[in-house]
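Chains, contacts and geometry: an overview
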Amino acid sequence: MLLFTPGPTPVPESVRLAMATPTLHHRTPEFEAIFKETREALFDLFGTDEVVMLASTGTGAMEAAVTNLCHDTLLNVNAGKFGERFGKIAQAHGLGNVEIKHEWDTPATAEEVIDALKANPSVDAVAVQISESAGGLRHPVEEIAAAIKAHDPKIMVIADGITAVGVERIDVTHIDALIAGSQKALMLPPGLAIIGLSRAAIEKIGEGKGYYFNLATEIKKQRQNTTAYTAATTLIIGLRAILKEISQRGGLGKLYCDTARRAKATRFALEALGLHIYPKSPAKSMTTIDDPNAKEIRDLLKTDFGVNVAGGQDHLKGKIFRINQMGLIEPYEMVAAVNAVELALAKLGRREFDGTASRVFNEEYFKSALKREDA
Ligand SMILES: *Cc1c(COP(=O)(O)O)cnc(C)c1O
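1. So, the site of the ligand
The full set close to the ligand counts 13 residues, and Thr57, Thr59, Ser133, Asp160 and Lys184 are the nearest of them. Between the ligand and Gly58 there is a distance of 2.9 Å, counted from an oxygen atom to a backbone nitrogen or oxygen. Contact between the ligand and Ser133: an oxygen atom at 2.5 Å from a side-chain N or O atom of the residue. Here the ligand, which alone exposes 380 Å², has 90% of that area covered by the protein. Sorting the residues of the shell around the ligand by element identifies α3 (58-69) and α4 (81-92) as the ones contributing at least two each. Ranked by residues supplied to the shell around the ligand, first place goes to α3 with three residues.

Dropping the structure here:
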């Protein structure tokens, strides 16, 4: 069975093997050396002034970012389940909350964010997904962040990059907190979250808020290559291994480039079958199709063709399916996936099978590769 869900994503063999080594105690020079090496590689990945690793899923990092960086009112963009979650976190902590709500296919604009800030002067932090995984939607976060800082540089910008860090290079110039999680683009088992922080964020954090998720405590410890509480040793060893694997396979630039080409070729292949891309601004992390037969297609992919893709949640349940693009995916695996979609459509009597999906994928994916080699 090919695992093509946008999280969890497959864990490469070298990473699984690295995590199979005997347990290390976290307060030892051996582990501190691993921690240091991993931390240094994370600075490359995030491009931020500081990074902290947390033993939690991505949601824990979202909560840590909100509680430490928002002291009054949070403005969140809700164009899907994960955007909605930021608002719920703010409310759970008794913070003020203002929400911009969109259908799950529609990106936020810088203009509406600034209008909301003008109407709500108590907002001191804005939270938005870079890639909203509920519908595979890319918000123009860099543009929104730049507009926020031009409006008021004191407002903190929290960017959920759980399905974006490791997918594409994020311009962090105007971002104060950039969040990643282990089981999506970082190809690890769940349980580790990472936050990249700006200097302005560190200043605002001050003494920190809360106890376990007090970022001031973590920053202080992690600068000494240790953690405040027991480190997620095995996952950090896995993180070091995946960052090494990415580097050995040509580095982050190649990973981003391959991901972008694969996402584009998949989109073209599925559109050539007459399918419709759901989000108005598609993220590179996944390819989302809305279709009246979405449920049947997804079921057939699994039962007849050995391809496991994700469906939709809430009002999109049975209405969309999502094909993962995150991680080190070989083009032949994606050819198999788009071909399986074509076979499923044939089985449903929607179109005659003629190999269109794999042909279009191959044309688009490899043509751009040949062009680059010529250049
Ligand atoms: C998966 C996901 C989360 C939640 O992460 P958990 O690890 O499940 O807590 C948050 N935001 C986005 C965009 C995600 O894709």
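2. Structural notes on the packing of helix α5 (residues 110-119) against helix α6 (residues 141-151)
Running from amino to carboxyl end, α5 crosses α6 at an angle of 35°, the nearest separation of the two axes being 9 Å. Between α5 and α6 lies a crossing of right-handed hand. Residue-level inspection shows Ala110, Val113, Ile114, Leu117 and Lys118 of α5 in contact with α6, the latter providing Glu143, Ile144, Ala147, Ile148 and His151. Looking at side-chain class alone, the contact of α5 with α6 contains seven nonpolar, one polar and two charged residues.

3. Focus on the pairing of strand β8 (residues 156-160)
Of all the five residues making up β8, five are buried; the element is thus mostly covered by neighbouring parts of the structure. Of the pairings in the sheet, the one linking β8 to strand β9 (residues 177-181) comprises three bridges and is parallel in character. Bridging from a neighbouring strand, Ile158 pairs with Ala177 of β9.

4. Examining the sheet that holds strand β12 (residues 286-290)
Here we have three strands laid out as an open sheet, ordered β11-β12-β14, and antiparallel in their pairing. With one partner strand each, in any of the chains shown, β11 (276-277) and β14 (320-324) form the two edges of the open sheet. Here β11 runs beside β12; their pairing, made up of two bridges, is antiparallel. Residue pairing across strands places His276 opposite Asp290, the latter belonging to β12. Helix-sheet contacts for helix α10 (residues 251-272) involve β11, β12 and β14, and the interaxial angle to β12 is about 20°.

5. Thoughts on the pattern of salt bridges
This structure, assessed with the given rule, holds 25 salt bridges. Between Arg138 and Glu142 there is a salt bridge, and its shortest N-O distance comes to 3.0 Å. Assessed through its relative accessible area of 12%, Arg138 is described here as buried. Within this structure, Arg138, Glu142, Glu168 and Lys284 form a network of salt bridges that share partners.

6. Overview of the packing of aromatic side chains
In this description, an aromatic ring pair is defined by two values, namely the gap between the centres and the angle between the planes. What the rule picks out here adds up to six aromatic pairs. The ring of Phe82 has Lys184 sitting right over it, with the charged end atom 5.3 Å from the ring centre.

Conventions used here
Residues numbered from 1 in each chain as written. Predicted model: local features only at pLDDT ≥ 70, side-chain atom pairs only at ≥ 80, totals over all residues. Heavy atoms only, no water. Near = heavy atom within 4 Å. Polar contact = N/O pair within 3.5 Å; in protein donor to acceptor, adjacent residues only side chain to side chain. Areas by Shrake-Rupley, 256 points an atom, 1.4 Å probe, with all protein chains shown as cover. Helix = DSSP H or I, 4+ residues; strand = E, 2+ residues; numbered from the N terminus. Axes fitted to C-alpha atoms, helices over the stretch in contact; angles between N-to-C directions. Left-handed = near helix turned anticlockwise from the far one by under 90°. Contact = heavy atoms within 4.5 Å. Nonpolar A, V, L, I, M, F, W, Y, C, P; charged D, E, K, R; others polar. Buried < 20%, exposed > 50% of the residue type's maximum accessible area, 1.4 Å probe, protein only. Pairing = 2+ DSSP bridges. Salt bridge = Lys/Arg side-chain N within 4 Å of Asp/Glu carboxyl O. Phe/Tyr/Trp six-rings, centres within 6.5 Å; stacked < 30°, edge-to-face > 60°. Lys NZ or Arg CZ within 6 Å of the ring centre and 35° of its normal.

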